[in-house]
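Given next are the chains, with one letter for each unit.
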Amino acid sequence: MGKDAGPEERPKWDNKAQYLLTCIGFAVGIGNVWRFPYLCQIYGGGAFLIPYLIALVFEGLPLLFLELAVGQRLRKGSVGVWKTINPVIGGVGIGCLIVSFLVGVFYNTILAWVLWYFFHSFQEPLPWSTCPLNESRTDYNLECKKSTPVNYFWYRETLNITPDIEISGSVEWGMVICLASAWCIVYICFIKGIDSMGKAVYVTSTFPYLVLTIFLIRALTLPGATDGLLYLFTPDWQTLKNPRVWLDAATQIFFSLSVAFGGLISFSSYNEEKNNCERDAVLVGVINSATSLYASIPVFSILGFKATTALNACKDENILALTNHFEFSDQNITLQNYDYWYEYLNTTYPGKFQSLSLRECDLQKLLKQSVSGTGLAFIVFTEAVISMPGSQVWAVLFFVMLFSLGLSSMFGNIEGVLSPLNELKLLPRWIPKELTSAIICLISFLVALLFTLSSGNYWVEVFNGYVGSVPLLIIALFEIIGVIYFRGMKTFSDDIYIMTGKRPNIFWKACWMVISPLLLLVVFVAYVIVQAQTRPTYQAWNPDYEKFPETEQKLYPDWVFAIIILLCVVPVISIPLVALYQLLRGRFRKSSVGMELNPYDNDAFVTDTQEQKTQRA
Amino acid sequence: MIAYADFKIESLAYFSKKMPNHVRWVLQQIKSRIERLNALFRPVMHYNCSAHHEGTNMTEEASNISSDTAAYPWSKNEMFLFRAALAFAMRDYTNGEEFGVSDIHPCDETERVSFWFVVTRPNTTDLVDKGTVEMAIKKSRNRINGAFLLTDQTLEFDGIYPTLAAPVSPATPPWLIVFGVVMGAVSVGIIALLVYPLVQRKLKKNKDADDEDSDEETGVKTAEIGANDGIYNSMFSDDERFTQM
């Protein structure tokens, strides 16, 4: 087998489909479901697609192509690749390693939350549909009454969140075991490297599409779905004038494609050399964006359904108030003639009408309540699911889908950690890869215990906002510079010619040499400027806040701010450090530059014993 | 003319059927009720309501039944059922006092199924105080609901809050069961995947130790592998077995 004798063979994909599914699974993550529809909504619906697609074509696809090509040609993980191109930029690989590790740690915590909800979906009634009673059993729990049962379940029963990031609270045991399960599941899929992972992606990458289709069909048949969809897709061309839209589109494409993690480089290095990576890159990029669009349809149908349900509940409340107050017989005021009666009563008995102080029931206002991130999945969606008949089924399907989406992205993160680790030769050779994976999973689990504290959610948001943004931009910038200027456009074109049979055309060249680095630089600078303008704040869930159930906006304390700066700087500090180290080393060994090449090294001559061993195997 | 001046707001209670997600607006209702009563002169059709409004601080029970969106059919018979149910509740609470249907007096019925009612002691005109009536209703709430095939959410006595049912908490939380199943499967999988290659390798090693000689593949066929092609010559057999010294 070559395992216990001779050089270890690089693992290979069983077939092309595995490779593509893995890359697509890595790119398509939870963000496609809960970030893109939100952006579409707040940036004028259909109009947002324009900056999004432009960013995809000029920034996303070139970066993707670059990474896949470099990995496939040099057949090494992210550290080896940059070391090979030029040892000076070897730090880029280490940066990828650190970023992948940090992102993996908090991303799996989100999966732990998804698992928690999944485990709790097997109950009738769903635990987030009703409020628990207070101690004296006379009334519902106060915190739950003031907000909603869904909010209560998320903030109190799942997270047991503290009102401030400084108050750490205690470790939540329910969350710890969910986190342990999440890491165990990641481990079992990764136990044999890409051999086991390649089999797992057949399920984890395809299952979400199945569930999305089911949800699409179900959601489109719900009342109010068309309102939601209309709201989502009605283009508001005015938003295109806002530079923030272009910035968000560029950042969204960039993070959505999962470039600069190092995982894609490793995945493509397991390919055979003669593989059309250009087509693969375009395929992965297009499928990722298409999935985002496809996912936003059921999401918005369900949001429209939720808004309609809330509207009807609001109207029902008002109808009851009116009927009781004006003592009409029932069924006089219905949902259909509500507007007519509203106007009539307002004009004929204005005094009495005002005294009722009815709630304003406005569909547009309800639709405008846009949510993204955990709010969408764990609050809005769970609330919508309660109103659908057969709630448990939909809840289970939804959370399994989220878990699959996240799991396939986790594979990329883990690969981005393991592969450079192997290349850096930090661990002795005799440790089998199962043990290495186990050690990495264990260390990540222990670090992630931070997120199981009561203030864990705030920390996840810190990591999410700062680790997964600025360092990636810097790493991507250096990747392009490294390939185009250190390796050289000509050599790179030759590489691509060897692999695909044709040189990259003028579009790719223009993008790599000018457009993409420029775009990245602009995005990076704009991003930093926007972040630096205001002191970062966070939304805290504080039951003692006077405007509860609204979340309270608080400033990050100084020590958290210092940690944020650290998170942005530590991954990228390796780039200048390694560059400096290599330059100094080069200066001292300037005379012995040829020492690496031994002119007497004859590769054709292999010792006998080695040959025998390989033959026997 | 009926004097309502002595009417205390605190003594009013409403009985109204409510729709799901109904928000309580008792005080406003009470205020408007007072306004309306003061504003209109209503010829009193029913027995006790007006007589006991004058200058008494006996509390009175008022109730509104309102039908829900499914248009609960209300008729005189239903009213009779209501009075009978309430008489039962009173009997049950006071343990034997023979309240009859005639002791429950609804009044001020409106177009909407909502009304007030007072309760008198059997065979007298003394009003039963509000507290007792409330306790009686609370005790037999289920039965009253059941008589009308309604629930706490669709049939409401204003001022009498339903005692909330304790939430169902099963002995083993269901989520632990699911967690146990999933983790069990994952652990078994991990152990299997780790142990299986080790076992396989051990078996292979044993197999390797057995036929190490045959690895040469230089055409020499021993008895174990390919000697069956030719004629077995017993003269050259392995006679170590027989000549052990």
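On a predicted model such as this, the values are computed, not experimentally measured, just so you know.

Participant: So what exactly am I meant to see when it comes to the overall build of chain A here?
Facilitator: Helix and strand content of chain A: 26 helices and two strands. In terms of principal-axis extent, the alpha carbons of chain A reach across some 105 × 50 × 45 Å. Relative to its 617 residues, chain A shows a buried fraction of 56%. A sequence separation of at least 24 residues applies to 82% of the contacts in chain A between residues at least 6 apart. Roughly 27000 Å² of accessible area belongs to chain A as shown, and the carbon and sulfur atoms make up 62% of that amount.

Participant: How do you make sense of the pattern of salt bridges when you look at a structure like this?
Facilitator: When the charged atoms of two side chains lie near each other, side chains of opposite charge can form a pair. Applying the stated rule across the entire model yields 15 salt bridges over all chains. A:Lys192 is the partner of A:Glu434 in a salt bridge, and the nearest nitrogen-oxygen pair spans 2.9 Å. A residue pair is termed long-range when its members are at least 10 positions apart, and A:Glu434 in helix H21 (residues 433-448) and A:Lys192 in the loop between helix H9 (173-190) and helix H10 (194-204) qualify at 242 residues. Residue A:Glu434 is classed as buried on the basis of its relative accessible area of 14%. One salt bridge in this structure joins B:Arg121 and B:Glu97, with 3.2 Å as the shortest N-O distance. Taken together, the residues B:Arg121 in the loop between strand S3 (116-119) and helix H4 (130-139) and B:Glu97 in the loop between helix H3 (76-94) and strand S2 (104-107) connect sequence positions 24 residues apart. Look at B:Arg121 and you get partly exposed, because its relative accessible area is 27%. Judged by relative accessible area, B:Glu97 falls into the partly exposed class, the value being 30%. Residues participating in the shared-partner salt-bridge network are A:Arg73, A:Glu273, A:Arg487 and A:Asp495.

Participant: Whenever I open this one, the environment of A:Asn505 confuses me. Can you help?
Facilitator: All names here are of chain A. As for its placement among the helices and strands, asparagine 505 is situated in the loop between helix H23 (470-500) and helix H24 (506-533). You can call asparagine 505 partly exposed: its relative accessible area is 40%. Each C-alpha atom, one on asparagine 505 and one on serine 493, is 9.3 Å from the other, the two residues being twelve residues apart in sequence.

Participant: Would you take a moment to explain the packing of aromatic side chains for this structure?
Facilitator: The description of an aromatic ring pair rests on the distance of the ring centres and on the angle between the ring planes. All names here are of chain A. In total, this model carries 50 aromatic pairs over all chains according to the counting rule given. Their ring planes at 65 degrees and their centres at 5.3 Å tell us that phenylalanine 254 and phenylalanine 255 sit as a pair that is edge-to-face. Overall, phenylalanine 255 belongs to the partly exposed group, its relative accessible area being 24%. Judged by centre distance (5.7 Å) and plane angle (50 degrees), the rings of tryptophan 459 and tryptophan 559 are tilted. Remark: tryptophan 559 occurs in helix H25 (residues 558-588) and tryptophan 459 occurs in helix H22 (residues 456-466); sequence separation between them is 100 residues. With relative accessibility at 41%, the residue tryptophan 559 sits in the partly exposed group. The side chain of arginine 503 reaches across the aromatic face of tyrosine 497, ending 4.8 Å from its centre.

Participant: Quick question: what am I supposed to make of the UniProt feature "binding site: Na(+)" (unreviewed entry) in chain A here?
Facilitator: All names here are of chain A. UniProt's entry tags Gly25, Ala27, Val28, Asn32, Ser256, Asn288, Leu405 and Ser409 with the feature "binding site: Na(+)" (unreviewed entry), counted in the numbering of this structure. Spatial clustering of the annotated residues is evident: they stretch over 385 residues in sequence, but the largest pairwise C-alpha distance comes to 12.4 Å. Checked against the element boundaries, alanine 27 lands in helix H1 (residues 16-27). Apart from the residues within four sequence positions on either side, alanine 27 is in contact with Asn32, Ser256, Leu257, Ser258, Val284 and Asn288.

Participant: Looking at this model, I keep getting lost on H22(A). Mind explaining?
Facilitator: Every α-helix winds through 3.6 residues per turn, so residues three or four apart in the chain are directed the same way. Residue and element names in this part refer to chain A. Counting buried positions over the eleven residues of H22 gives eight, a clear majority of the element. Burial in H22 covers these residues: Gly456, Asn457, Tyr458, Trp459, Val460, Val462, Phe463 and Tyr466. Looking at the buried side of H22, the elements it contacts are helix H6 (91-120), helix H8 (149-158), H23, H24, strand S1 (537-540) and H25.

Participant: How should the state of the cysteines be read in this particular structure?
Facilitator: A covalent bond between the sulfur atoms of two cysteines is referred to as a disulfide. All names here are of chain A. Tallied over the full model, the rule gives two disulfides over all chains. Across a sulfur-sulfur distance of 1.9 Å, cysteine 131 and cysteine 144 are joined as a disulfide pair. Between cysteine 131 and cysteine 144 the sulfur-sulfur dihedral comes to about -85 degrees; the bridge is accordingly left-handed. Linking cysteine 131 in the loop between H6 and helix H7 (142-146) with cysteine 144 in helix H7, this pair joins segments that are 13 residues apart in sequence. Owing to a relative accessible area of 13%, cysteine 131 belongs among the buried residues under this scheme.

Participant: Looking at this model, I keep getting lost on the side chain of A:Asn108. Mind explaining?
Facilitator: Of note, A:Asn108 is situated in helix H6. The residues touching A:Asn108, leaving out its near neighbours within four places in the chain, are A:Leu179, A:Ala182, A:Trp183, A:Val186 and A:Met410.

Participant: How should I be thinking about the environment of A:Ser147 in this particular structure?
Facilitator: Residue and element names in this part refer to chain A. With respect to the helices, strands and loops of the structure, serine 147 is situated in the loop between H7 and H8. In this view, serine 147 contacts Tyr152, Trp541, Phe548 and Pro549; residues no more than four positions away in its chain are not counted. Of the polar contacts made by the side chain of serine 147, one reaches the backbone oxygen of glutamate 143; its length is 3.0 Å.

Participant: How should I be thinking about the confidence of the model for chain A in this particular structure?
Facilitator: Parts of the model with low pLDDT should not have their predicted coordinates read in detail. Residue and element names in this part refer to chain A. On average, residues of chain A carry a pLDDT of 86, and 94% of them reach 70 or more. Least confident of the elements in chain A is helix H26 (residues 608-616), whose mean pLDDT is 52; most confident is H6, at 94. Contacts from residues 1-6, a stretch scored under 50 in pLDDT, to residues over four places away or in other chains number six contacts.

Participant: Sorry if this is basic, but what is going on with the packing of H23(A) against H24(A) here?
Facilitator: Helix packing for two helices is described by the angle between their axes and how far apart those axes are. Residues and elements named next belong to chain A. At their nearest, the axes of H23 and H24 sit 10 Å apart, and the two run at 170 degrees to each other. The angle between H23 and H24 places the two elements in the roughly antiparallel class. Contacts from Val470, Leu473, Ile474, Ala476, Leu477, Ile480, Ile484, Tyr485, Met489, Phe492, Ser493 and Ile496 in H23 reach Lys509, Trp512, Met513, Ser516, Pro517, Leu520, Leu521, Val523, Phe524 and Tyr527 in H24. Along the lines of polarity and charge, the residues of the contact of H23 with H24 split into 19 nonpolar, two polar and one charged.

Participant: Is there a simple way to think about the confidence of the model for chain B in this case?
Facilitator: Residue and element names in this part refer to chain B. On average, residues of chain B score 65 in pLDDT, and 51% of them are at 70 or above. Predicted confidence is poor over residues 1-48, with pLDDT under 50, and the contacts of this stretch with residues over four places away or in other chains come to 122 contacts. Under a pLDDT of 50 for its full length, residues 50-70 has, in the predicted model, 83 contacts with residues more than four places off or in other chains. Across the assembled chains, the prediction reports ipTM 0.74 with pTM 0.78.

Participant: I would appreciate a short explanation of the packing of H1(A) against helix H15 (residues 277-326) of chain A in the present structure.
Facilitator: Residues and elements named next belong to chain A. One can describe the packing of H1 onto H15 by two numbers: an axis separation of 9 Å at closest approach and a directional angle of 45 degrees. The orientation of H1 with respect to H15, classified from their angle, is oblique. In the packing of H1 onto H15, the handedness of the crossing is right-handed. From H1, Lys16, Tyr19, Leu20, Cys23, Ile24 and Ala27 reach across to H15, where they touch Arg279, Asp280, Leu283, Val284, Ile287 and Asn288. Of the residues that constitute the contact of H1 with H15, the class distribution is eight nonpolar, one polar and three charged.

Participant: Looking at this structure, I do not really get a nonpolar patch on the surface. What am I missing?
Facilitator: Residues and elements named next belong to chain A. Together, Tyr485, Phe486, Met513, Val514, Leu518 and Val522 make up an exposed nonpolar region whose accessible area comes to about 580 Å². Contributions of two or more residues to the nonpolar patch are made by H23 and H24. At four residues, the largest contribution of residues to the nonpolar patch is made by H24. Residue placement: valine 522 occurs in helix H24. You can call valine 522 exposed: its relative accessible area is 53%.

Participant: Where do I start with the side chain of B:Thr120 in this structure?
Facilitator: All names here are of chain B. Positionally, threonine 120 belongs in the loop between S3 and H4. We classify threonine 120 as buried; its relative accessible area is 1%. A distance of 3.1 Å separates the side chain of threonine 120 from the side chain of histidine 105, its partner in a polar contact.

The rules behind these values
- Residues numbered from 1 in each chain as written.
- Chains lettered and ligands numbered in written order.
- Predicted model: local features only at pLDDT ≥ 70, side-chain atom pairs only at ≥ 80, totals over all residues.
- Heavy atoms only, no water.
- Helix = DSSP H or I, 4+ residues; strand = E, 2+ residues; numbered from the N terminus.
- Buried < 20%, exposed > 50% of the residue type's maximum accessible area, 1.4 Å probe, protein only.
- Contact = heavy atoms within 4.5 Å.
- Areas by Shrake-Rupley, 256 points an atom, 1.4 Å probe, with all protein chains shown as cover.
- Salt bridge = Lys/Arg side-chain N within 4 Å of Asp/Glu carboxyl O.
- Phe/Tyr/Trp six-rings, centres within 6.5 Å; stacked < 30°, edge-to-face > 60°.
- Lys NZ or Arg CZ within 6 Å of the ring centre and 35° of its normal.
- UniProt positions renumbered as here; feature names shortened; annotations may be inferred.
- Disulfide = S-S within 2.5 Å.
- Polar contact = N/O pair within 3.5 Å; in protein donor to acceptor, adjacent residues only side chain to side chain.
- pLDDT = per-residue confidence, 0-100.
- Axes fitted to C-alpha atoms, helices over the stretch in contact; angles between N-to-C directions.
- Parallel < 35°, antiparallel > 145°, perpendicular 65-115°, else oblique.
- Nonpolar A, V, L, I, M, F, W, Y, C, P; charged D, E, K, R; others polar.
- Left-handed = near helix turned anticlockwise from the far one by under 90°.
- Patch = residues over 30% accessible without salt bridge, like charges linked within 9 Å, V, L, I, M, F, W, Y side chains within 5 Å.

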